[in-house]
Amino acid sequence: MKERYIAVFDSGLGGISVLRSLLSALPQERYLYYGDSANAPYGGRPTQEARALTLAAAAELAGRGIKALVVACNTATAAAIADLREIYPDLIVVGMEPALKPAVDRFPGGRIGVMATELTLREEKFAGLLDRVGTGCQVYPISAPGLVELVEAGLGESAAAEELLRPILAPYAGKLDALVLGCTHFPFAAGVIGRLLPGTALFDGGAGTAHQTRRRLEAAGLLWDGPGQVIFENSDPSPERLALCARLLGTAGA
Ligand code: DGL
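Structural notes, computed from the coordinates. (Residues numbered from 1 in each chain as written. Predicted model: local features only at pLDDT ≥ 70, side-chain atom pairs only at ≥ 80, totals over all residues. Heavy atoms only, no water.)

Points about helix H6 (residues 124–133)
Because the α-helix completes a turn every 3.6 residues, residues three or four places apart line up on one side. Phe126, Leu129 and Val133 are the residues of H6 that are buried. Viewed end-on, H6 has its buried residues packed into an arc of 55 degrees, placing them on one side of the element. Relative to its buried face, H6 has exposed residues pointing more than 90 degrees away, namely Glu124 and Asp131. (Buried < 20%, exposed > 50% of the residue type's maximum accessible area, 1.4 Å probe, protein only. Helix = DSSP H or I, 4+ residues; strand = E, 2+ residues; numbered from the N terminus. Arc of directions from axis to C-beta.)

Set out below in structure tokens:
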């Protein structure tokens, strides 16, 4: 059982930013990363659609005898985490939410942007997060339509990303203490984002998710002591897609 895979799921390639954190916290584990790039992005879809896609991917992964499922996607978590926990009561299921708490802890009473998909920002889960940890701060929800597509094309750190983000972030330049990257694709544009918002601290949920995964596996006595392994699978199985997975694993990080 311990040697079974930890499945890491995202709508596409964004979850590779979380996989990097998992590898640094738990390097000896075996990971099966599944990205649904053929159907990405999820973030502009109706919630029902994103939920159905997430449940279909999870069913496929769960059928392969995994020991844990990490939903390395804020959008899929917002759409489907409650259903996943109900359908797989015996599986370790770890979801994600924008890393607002660490940002608030560092800047109590501060001005904090949360950049995430439209779906994440409109769902109840986000409203609950704001109620729980956002009090006393000024929180600015920011969506960035088009950025997930650029990351999926390997263009997170590019002139095109800078052109897309400049008008979105210009109103916040010099005004934010922190920006939470509440979509796992966005750490792949962290260089561009950081240049457009100098002096703003960036936060993402990768390390927190890895920590939570470690805690859950430890509590269940399911930590594996190696050798570690990473397998990439994608609903778009082209060689270019899989090559991009490997490249992003080497270069992610906010
Ligand atoms: N990576 C996903 C997230 O963390 C969103 C990407 C998408 O829109 O599909 O929210």
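Having seen it, we continue.
Remarks on the side chain of Glu123
Along the chain, Glu123 falls in the loop between helix H5 (118–122) and H6. If we skip the residues at most four places from it in the chain, Glu123 touches Thr47 and Ala78. (Contact = heavy atoms within 4.5 Å.)

Quick notes on the site of the ligand
The ligand sits among 13 residues. The nearest are Ser11, Tyr42, Gly43, Thr75 and Thr184. In the model, an oxygen atom of the ligand is placed 2.7 Å from a nitrogen or oxygen of the Thr184 main chain. Bound to the protein, the ligand loses 99% of the 300 Å² it would expose on its own. Of the residues contributing to the shell around the ligand, the split by class is five nonpolar, seven polar and one charged. (Near = heavy atom within 4 Å. Polar contact = N/O pair within 3.5 Å; in protein donor to acceptor, adjacent residues only side chain to side chain. Areas by Shrake-Rupley, 256 points an atom, 1.4 Å probe, with all protein chains shown as cover. Nonpolar A, V, L, I, M, F, W, Y, C, P; charged D, E, K, R; others polar.)

Let's talk about the sheet that holds strand E6 (residues 138–142)
With parallel pairing, the four strands of this open sheet are ordered in space as E6-E5-E7-E8. Strands with a single pairing partner mark the edges of an open sheet, and in this sheet they are E6 and strand E8 (201–204). With strand direction ignored, the average angle separating the axes of adjacent strands in the sheet is 25 degrees. The pairing of strand E7 (residues 178–181) with E8 spans four bridges and is parallel. Paired with Ala178 across the bridge in E8 is Ala201. (Pairing = 2+ DSSP bridges. Axes fitted to C-alpha atoms, helices over the stretch in contact; angles between N-to-C directions.)

Observations concerning the nonpolar core
With 25 residues, the main nonpolar core has Ile6, Val8, Ile16, Leu22, Tyr31, Val70 and Leu217 as its most contacted residues. When residues of this core are traced back to their parent elements, those giving at least two are strand E1 (6–10), helix H1 (16–25), strand E2 (30–35), strand E3 (68–71), strand E4 (92–94), helix H10 (206–219) and helix H11 (239–251). Counting residues per element, this core draws most heavily on H1, at four residues. When sequence neighbours within four positions are dropped, the list of residues in contact with Val70 reads Ile6, Ala7, Val8, Phe9, Leu22, Val94, Thr209 and Thr213. The next biggest cluster of nonpolar side chains, apart from the first, holds 23 residues, and it includes Leu32, Ala50, Ile81 and Leu84. (Core = buried A, V, L, I, M, F, W, Y, C linked by side-chain atoms within 4.5 Å.)

Topic: the packing of aromatic side chains
Tallied over the full model, the rule gives five aromatic pairs. For the pair Phe9 and Tyr42, a centre-to-centre distance of 6.4 Å together with 45 degrees between the ring planes defines the contact as tilted. Residue Phe9 is located in strand E1, and its partner Tyr42 is located in the loop between E2 and helix H2 (47–62); the two are separated by 33 residues in the primary sequence. For Phe9, a relative accessible area of 2% corresponds to the buried category. When the centroid spacing of 5.9 Å and the interplanar angle of 65 degrees are considered together, the rings of Tyr140 and Tyr172 count as edge-to-face. Within this pair, whereas Tyr140 is found in strand E6, its partner Tyr172 is found in the loop between helix H8 (159–169) and E7, the two being separated by 32 residues in sequence. Judged by relative accessible area, Tyr140 falls into the partly exposed class, the value being 26%. (Phe/Tyr/Trp six-rings, centres within 6.5 Å; stacked < 30°, edge-to-face > 60°.)

Quick word on the sheet that holds E3
Taking strand neighbours across the sheet as the criterion, the five strands line up as E4-E3-E1-E2-E9 in an open arrangement whose pairing is parallel. Since the sheet does not close on itself, it has two edges, and those belong to E4 and strand E9 (229–234), each with one partner. Mean inter-strand twist for the sheet, computed between neighbouring axes without regard to direction, equals 20 degrees. Sheet analysis places E2 next to E9, joined by six bridges and oriented parallel. Residue pairing across strands places Arg30 opposite Gln229, the latter belonging to E9. Most of the contacts of H1 go to E2, to which it runs at about 175 degrees, and overall it touches E1, E2, E3 and E9.

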